[in-house]
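One letter stands for each residue in the lines below.
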Amino acid sequence: MKPLRPLLNLVYSRTCVLCGRPLTYDEDVICRRCVDELPFTHYDFSDSHKLARILRAKAPVYKATSLLFYSKTGLSGKLIHKLKYHHHARVGPRLAEFLAPRLMTDPPHIILPVPLHPRKMRLRGYNQTEGFALRLSRLTGARYESRALRKRRHTPSQTTKSPWERWQNVRHGFELRTRSNWNGRHILLTDDVITTGATLAAIVQVIGQEFPEARVSVASMAFNLPR
Ligand SMILES: [Zn+2]
């Protein structure tokens, strides 16, 4: 990646995505001053912190980590918003570079992004989690399986349903299609912001049904800590 950087600098705007200041040659996407202010969780890739406990209460998650604490009005919220709605697609890979070293304590074999609903995908043009997942796979040596998980097209509106019906709806909202055998493998699911963890838990269940011997972990850009 390094030798390409001067070339990329010419192609992409060389200002910090958060504060707009010009970047120095050794800064990328986010300036050092803004990086210093990012709310890093410092969660290791394990089962022993708050995020892991929340997820493990819902599904048999092996390990979890998240790079930042999410706050809608803070720097992490601004960063995710730029990625999602302003086509700053390089934010995802940049955040992956910060997170990848944590995964090296127990590197996954396979990495999957949480799929976007096809309608959202059409509207937005890209899945903001893909760049993050793809860079994580390059940095950890894991295989990237972007098409293994699909969101079903017709998910009825959630508003008129009971909690149980909603859960069933989320749970059956995904399907798994892969030709490889994931039993005995370590699978990493990646997402942008984890709030309740319900979507991730549903996917972990779907994978577990198909491959009971797979270990499924979770990594996200940000975690919205419950109050
Ligand atoms: Zn900055």
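Everything numeric in this text was worked out from a predicted model, so none of it was measured. (Residues numbered from 1 in each chain as written. Predicted model: local features only at pLDDT ≥ 70, side-chain atom pairs only at ≥ 80, totals over all residues.)

Caption draft 1: Expanded view of the overall build of the protein. For the protein, the helix and strand inventory stands at nine helices and seven strands. Considering only residue pairs separated by 6 or more positions, the protein has 74% of its internal contacts joining residues 24 or more positions apart. (Helix = DSSP H or I, 4+ residues; strand = E, 2+ residues; numbered from the N terminus. Contact = placed C-beta atoms within 7 Å.)

Caption draft 2: Region of the structure containing the environment of alanine 219. Relative to the helices and strands, alanine 219 resides in strand S7 (residues 215–223). By C-beta crowding, alanine 219 is classed as buried, having 28 other C-beta atoms within 10 Å. In the structure, alanine 219 is positioned 156 residues away from lysine 63 in sequence and 8.6 Å away in space, judged by C-alpha atoms. In contact with alanine 219, not counting residues within four places along its chain, are Thr65, Ser66, Leu99, Leu103, Leu136, Leu188 and Thr190. (Buried ≥ 20, exposed ≤ 12 C-beta atoms within 10 Å, placed from the backbone.)

Caption draft 3: Fine view of the environment of serine 137. Here serine 137 shows up in helix H7 (residues 128–140). Spatially, the C-alpha atom of serine 137 lies 9.5 Å from that of leucine 188, the residues being 51 residues apart in sequence. Ignoring any residue separated from it by four or fewer positions in sequence, one finds serine 137 in contact with Ile111, Ala142, Arg143 and Tyr144.

Caption draft 4: Main features of the sheet that holds strand S6 (residues 186–194). Pairing within the open sheet is parallel, and its five strands lie in the order S1-S7-S6-S2-S3. Either end of the sheet is taken by a strand with one partner, and the two such strands are strand S1 (64–69) and strand S3 (143–144). Sheet topology places strand S2 (residues 110–113) next to S3; two bridges connect them, and they run parallel. Along S3, the bridge assignment pairs isoleucine 110 with arginine 143. Relative to the sheet, helix H5 (residues 91–103) contacts S1 and S7, its axis offset from that of S1 by approximately 145 degrees. (Pairing = 2+ DSSP bridges. Axes fitted to C-alpha atoms, helices over the stretch in contact; angles between N-to-C directions.)

Caption draft 5: Layout of the pairing of S6. For S6, the buried fraction is high: seven of the nine residues fall into the buried class. In the sheet, S2 pairs with S6 via four bridges, with the strands oriented parallel. By the bridge assignment, proline 113 is partnered in S6 with threonine 190. Note: S6 against S7, eight bridges, orientation parallel. Bridge pairing links histidine 186 to arginine 215 in S7. Following the backbone out of S6, through helix H9 (residues 198–210) and into the adjacent parallel S7, one traces a crossover that is right-handed. (Right-handed = clockwise from strand over helix to strand, strands pointing away.)

Caption draft 6: How the structure looks around unusual backbone geometry. We note that histidine 42 has phi near 60 degrees; this positive angle belongs to a residue other than glycine. With respect to the element layout, histidine 42 can be found in the loop between helix H2 (32–37) and helix H3 (50–56). For histidine 87, which is not glycine, the phi dihedral falls at a positive 55 degrees. Structurally, histidine 87 can be placed in the loop between helix H4 (75–85) and H5. Under the C-beta neighbour-count criterion, histidine 87 is labelled partly exposed, with 13 such atoms within 10 Å.

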